[in-house]
Amino acid sequence: MEKTVFKGSFTQQEPIPEAAIEAAVEVMRSGRLHRYNLAPGEAGEVALLEEEFAAFTGANYCLAVASGGYAMSCALRAMGVGHGDKVLSNGFTLAPVPGAIASVGADPVFVETTEALTIDIDDLALKAETSGARVLLLSHMRGHICDMARLMSVCDAAGIDVVEDCAHTMGAEWDGVPSGRHGRVGCYSTQTYKHINSGEGGLIVSDDAELMARAIILSGSYMLYPRHTARPPVDTFENVKLTTPNVSGRMDHLRASILRVQLADLAAQVDRWNALYRTVEEGLRNTPGLKIVERDPRERIVGSSIQFLLPGFSPGEIGAVVEACRLRGVELKWFGAEEPVAFTSRYDSWRYAPAQRLPRTDAILAGLMDMRLPLTFSVSDAGLIAEIIRDEVQSVHRHAAE
Ligand SMILES: *Cc1c(COP(=O)(O)O)cnc(C)c1O
């Protein structure tokens, strides 16, 4: 019998909503694209986005910036992280995370990964003691959130400040608290492959007035910071405005205008992602040789991608699964490859960082498969994708057993 082939594209996002396109056209007609270029009495799209995102996360303050990577480096700089400092971070994450640490002259100290694909809190406690780091840049990689109560108690006890990388958890929660609101600062990305899409963009939230005043000056506010509306009180800036450098990385009205419309739709989009996620998850359950990454009931997930493990598969067998799925239109990424491929790289390919060994992370990445779930897929697409993966994993697993 002819094998079924999936025809969708794993990198095709939905179009920008018509209301957002209209809002963007309005901004272009005005000619006022720069965030501080405002008509009398106008708040501007960027400040409005900041207000709305602060409300969405329940944060006191919000700053919109040029990218998620910029958000993280700006947060680190605003906390005073600098040359030669050590910053703890996940061994399993993507390149912008160690890159943000390196961009302020600091050195990443990588922490091991659990089978739930979250940071290993025991290893974190150990390295918090031994590394001399004062800051953890915690990446909720692929949307997997660790036990945040336990993590925060370990970090509080060790005097470690937490910056959350929420590039994959905008709209997600741990135990009823939005992701990004457990640590001192939360950083988000609005790049095309994240949860709201402005091509490039980032957001920072915090309740810390002085830190946010520094972040606003860093982002390139000049002395125009009073025009921000989701900012700390103006007198907070007195201490920082002349001692904080301008490291330009602002957002503009055009991008903010299309993000505001998408932010208002995010809750509905999260439900759609989770319908795809749970369909693939159920379709893969009980496949011999395949291990589901079980989600903690305290997590409110955003299933914009899904991961599963093929423990005990050799690199050759994993290659065979990836190739067989590819021939049937299903794009799987493998985190165990020796060399970085496309978006996928590993801590040992970030050679600007001091060399480190993470044997438990290596063992997990060796069998870790990753797949995007864009909203251009339907629930029946998700069912078909799971069927194809299940078939091909079983077929390689059977051969291996023979
Ligand atoms: C995308 C991403 C970021 C931020 O990326 P930008 O492209 O700079 O917006 C940060 N962390 C992770 C894990 C990411 O995937």
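Since we're looking at a predicted model, the values are computed, not measured.

Quick look at the overall build of the chain now. On a plain count of helices and strands, the chain comes out with 11 helices and 14 strands. A compact globule built from 402 residues should have a C-alpha radius of gyration of about 21 Å, and the chain, at 22 Å, falls within 12% of that. Viewed in the frame of its principal axes, the chain has a C-alpha envelope of about 75 × 55 × 35 Å. Within the chain, the proportion of its 402 residues that are buried is 53%. Taking the 38 positively charged and 52 negatively charged side chains of the chain as two groups, their mean positions are separated by 3 Å.

Turning to the packing of helix H5 (residues 121-130) against helix H6 (residues 148-158), a few remarks are in order. Between H5 and H6, whose axes approach to 10 Å, the crossing angle comes to 10°. What the angle tells us is that H5 and H6 run roughly parallel. Here Ile 121, Asp 122, Leu 124, Ala 125 and Ala 128 of H5 come into contact with H6, specifically with Arg 150, Leu 151, Val 154, Cys 155 and Ala 158. Broken down by class, the residue content of the contact of H5 with H6 amounts to eight nonpolar, no polar and two charged.

Our focus in this paragraph is the site of the ligand. Close to the ligand lie 15 residues; Gly 68, Gly 69, His 168, Ser 189 and Lys 194 are nearest. At 2.8 Å from an oxygen atom of the ligand is found a main-chain nitrogen or oxygen belonging to Gly 69. Take Ser 189: an N or O atom from its side chain is 2.6 Å from an oxygen atom of the ligand. Starting from 380 Å² of accessible surface for the ligand in isolation, the protein chains cover 91%. For the shell around the ligand, the elements supplying multiple residues, two or more each, are helix H3 (68-78) and helix H4 (96-103). Here the shell around the ligand gets three residues from one element, more than from any other, and that element is H3. Looking at side-chain class alone, the shell around the ligand contains five nonpolar, eight polar and two charged residues.

When the domains of the chain are assigned, the result is domain 1 (18-264) and domain 2 (266-401). In this structure, domain 1 and domain 2 have C-alpha centres spaced 27 Å apart. Counting from both sides, the interface comprises 42 residues of domain 1 and, opposite them, 33 residues of domain 2. When the two sides are added together, the surface that domain 1 and domain 2 hide from each other amounts to roughly 3300 Å², 59% of it contributed by carbon and sulfur. Where domain 1 touches domain 2, the interface holds five salt bridges. Here domain 1 is connected to domain 2 by 18 residue pairs in polar contact (both at pLDDT 80 or more). Element by element, the count of residues in the side of domain 1 that touches domain 2 is highest for strand E3 (residues 107-111), at five residues. When the residues that make up the side of domain 1 that touches domain 2 are grouped by side-chain class, the tally is 21 nonpolar, 10 polar and 11 charged.

This part is about the pairing of strand E8 (residues 185-189). Along any regular strand the residues' side chains alternate between the sheet's two faces. Counting buried positions along E8 gives five out of five residues, so the element sits mostly inside the fold. The side-chain alternation of E8 yields two buried faces, one formed by Val 185, Cys 187 and Ser 189 and the other by Gly 186 and Tyr 188. In this sheet, E8 lies alongside strand E5 (residues 161-165) in parallel orientation, the contact comprising three bridges. Paired with Glu 164 across the strands is Gly 186, a residue of E8. Looking at chain direction, E8 and strand E9 (residues 202-206) are connected through five bridges and run antiparallel.

Right, let's get into the sheet that holds strand E2 (residues 86-90). Across the sheet, which stays open at both edges, the seven strands sit in the order E1-E9-E8-E5-E4-E2-E3 with mixed pairing between neighbours. Looking at which strands have only one partner, the edges of the open sheet turn out to be strand E1 (61-65) and E3. Between one strand axis and the next, the sheet turns through 20° on average, direction left out of account. Of the strands in this sheet, E1, E8 and E9 touch helix H2 (residues 45-57), which is tilted by about 130° from E1.

Our next topic: the pattern of salt bridges. By the definition in use, this model includes 32 salt bridges. In this structure, the salt-bridge partner of Arg 360 is Glu 112, at a minimum N-O distance of 3.9 Å. Taken together, the residues span a long stretch of sequence, with Arg 360 in helix H10 (residues 359-365) and Glu 112 in the loop between E3 and H5 at a distance of 248 residues. The buried category is assigned to Glu 112, whose relative accessible area is 3%. Put simply, Glu 323 and Arg 326 hold a salt bridge, and the shortest N to O gap is 2.9 Å. Here Glu 323 pairs with Arg 326, and both are found in helix H9 (residues 315-327), just three residues apart, close to one helical turn. A network of salt bridges, in which partner residues are shared, links Arg 278, Glu 281, Glu 282, Arg 285 and Glu 294.

This part is about the packing of aromatic side chains. Enumeration according to the criterion identifies nine aromatic pairs in this entry. Aromatic rings pair up to connect Phe 6, Phe 10 and Phe 377 into one cluster. Above the face of the Tyr 193 ring, Arg 372 is positioned so that its terminal group lies 4.3 Å from the ring centre.

Calculation criteria
- Residues numbered from 1 in each chain as written.
- Predicted model: local features only at pLDDT ≥ 70, side-chain atom pairs only at ≥ 80, totals over all residues.
- Heavy atoms only, no water.
- Helix = DSSP H or I, 4+ residues; strand = E, 2+ residues; numbered from the N terminus.
- Rg over C-alpha atoms; globule rule 2.2 N^0.38 Å.
- Buried < 20%, exposed > 50% of the residue type's maximum accessible area, 1.4 Å probe, protein only.
- Lys, Arg positive; Asp, Glu negative; His and termini not counted.
- Charge placed at Lys NZ, Arg CZ, Asp CG, Glu CD.
- Axes fitted to C-alpha atoms, helices over the stretch in contact; angles between N-to-C directions.
- Parallel < 35°, antiparallel > 145°, perpendicular 65-115°, else oblique.
- Contact = heavy atoms within 4.5 Å.
- Nonpolar A, V, L, I, M, F, W, Y, C, P; charged D, E, K, R; others polar.
- Near = heavy atom within 4 Å.
- Polar contact = N/O pair within 3.5 Å; in protein donor to acceptor, adjacent residues only side chain to side chain.
- Areas by Shrake-Rupley, 256 points an atom, 1.4 Å probe, with all protein chains shown as cover.
- Domains from an automatic or database assignment.
- Buried area = accessible area lost by both parts, 1.4 Å probe.
- Salt bridge = Lys/Arg side-chain N within 4 Å of Asp/Glu carboxyl O.
- Pairing = 2+ DSSP bridges.
- Phe/Tyr/Trp six-rings, centres within 6.5 Å; stacked < 30°, edge-to-face > 60°.
- Lys NZ or Arg CZ within 6 Å of the ring centre and 35° of its normal.

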